[in-house]
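# Commentary on secondary and tertiary structure
Residue-level listing of the chains:
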Amino acid sequence: MTITMKGLQAAVRSMAARLDGVTTGDLAAFSHQDGARPYLFVQDGVIHWVVEERGQTLHHRTTGDLDEALHWVALDATRSMATRWELGQRHRFPGGRDSRIGWLAKQVDLLRRLDTEWAERFRAGIPVQCPGVRLEDVDAHPLT
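Attention here is on the structure that accompanies the text. (Residues numbered from 1 in each chain as written. Predicted model: local features only at pLDDT ≥ 70, side-chain atom pairs only at ≥ 80, totals over all residues. Heavy atoms only, no water.)

### Describing the sheet that holds strand β2 (residues 46-53)
In spatial order, the strands read β1-β2-β3; together these 3 strands make up an open sheet with antiparallel pairing. A strand with exactly one partner marks an edge of an open sheet, and here the two such strands are β1 (39-43) and β3 (56-63). Strand-to-strand, the axes of this sheet are offset by a mean angle of 25°, without reference to chain direction. The pairing of β2 with β3 spans 7 bridges and is antiparallel. Following the sheet pairing, E52 is matched in β3 by T57. Taken strand by strand, helix α1 (residues 5-16) contacts β1 and β2, and its axis lies near 145° from that of β1. (Pairing = 2+ DSSP bridges. Helix = DSSP H or I, 4+ residues; strand = E, 2+ residues; numbered from the N terminus. Axes fitted to C-alpha atoms, helices over the stretch in contact; angles between N-to-C directions. Contact = heavy atoms within 4.5 Å.)

Structure, rendered in structure tokens:
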């Protein structure tokens, strides 16, 4: 099956519908963007993920796998949602606490709602992506 822009948009909308509180700004756009906001387009059945800032391309990756592209969108959207959530919860915790623990815990939680494999892959990468953050702290962080 050839991937089309219409099919990609429908898949992203369907995935986003499973995330309470997601906003349009959390999701990758479907037209050219600047300001480091990712956008997607399909060319010859290949999905392109592009991030540009001030006319410079910061990231450009491609895939022919719709699930992989949805994974990219999910990672970006859930990070945006999780950091916003953590900021709103910050007053509940002692000053000087590593705020990454809260947003990482929330991001794992949000990803689990979409795909448990995505969540576990993300969780497994935390020690490399965020040196100094312990998985046991992320796992124990209260989400309510």
